[in-house]
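Here are the chains, one letter per residue:
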Amino acid sequence: MLQVVDEIDDAIGALRQCSLGLAAEFGLVVAGGLGMGAIGAAIAAGAEVSLICSAAIVLSLAAALKIHQSHPSGQPASGRRGQPPQL
């Protein structure tokens, strides 16, 4: 009986971890969209070109770091032979 309760607790913990990760990913998408919207608003308002370029560079660096984080150690997304892909 204790094993069953432990397995249920593990399943609930895994679902909680998944929901937190999913919320973080949605947050990144929203933040990226807001950043692009802010750059568009700055262009429409006639802000300085250097400020607009700085904002675009920061946004692209954040995207590059996120992409690099999703592929640890420079390995391909499929993982090494005999191992499942890392999520």
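Here is a short report on the structure shown in this document.

Points about the overall build of the protein chain
- Summing up its helical and strand segments, the protein chain has 2 helices and 0 strands in all.
- Counting every position in the protein chain, which comprises 87 residues, the buried fraction comes to 3%.
- Only carbon and sulfur atoms are counted for the fraction: they give 71% of the accessible area of the protein chain, which is about 7200 Å².

Notes on a negative patch on the surface
- A surface patch of negative charge is lined by Asp6, Glu7, Asp9 and Asp10.
- One can find Asp9 in helix 1 (residues 2-45).

Observations concerning a nonpolar patch on the surface
- A contiguous nonpolar patch, built from Met1, Leu2 and Val5 and spanning about 400 Å² of accessible area, is present on the exposed surface.
- For Leu2, the position within the fold is in helix 1.
- Using a relative accessible area of 70% as the deciding quantity, one classes Leu2 as exposed.

Observations regarding helix 1
- In a regular helix each residue adds 1.5 Å, so 44 residues correspond to 64 Å; helix 1 covers 64 Å between its end C-alpha atoms and thus fits that length.
- Of the residues trailing helix 1, Gly46 is marked for its positive phi of about 80°.

Calculation notes
Residues numbered from 1 in each chain as written. Predicted model: local features only at pLDDT ≥ 70, side-chain atom pairs only at ≥ 80, totals over all residues. Heavy atoms only, no water. Helix = DSSP H or I, 4+ residues; strand = E, 2+ residues; numbered from the N terminus. Buried < 20%, exposed > 50% of the residue type's maximum accessible area, 1.4 Å probe, protein only. Areas by Shrake-Rupley, 256 points an atom, 1.4 Å probe, with all protein chains shown as cover. Patch = residues over 30% accessible without salt bridge, like charges linked within 9 Å, V, L, I, M, F, W, Y side chains within 5 Å. Salt bridge = Lys/Arg side-chain N within 4 Å of Asp/Glu carboxyl O. Lys, Arg positive; Asp, Glu negative; His and termini not counted. Charge placed at Lys NZ, Arg CZ, Asp CG, Glu CD. Expected span 1.5 Å × (residues − 1).

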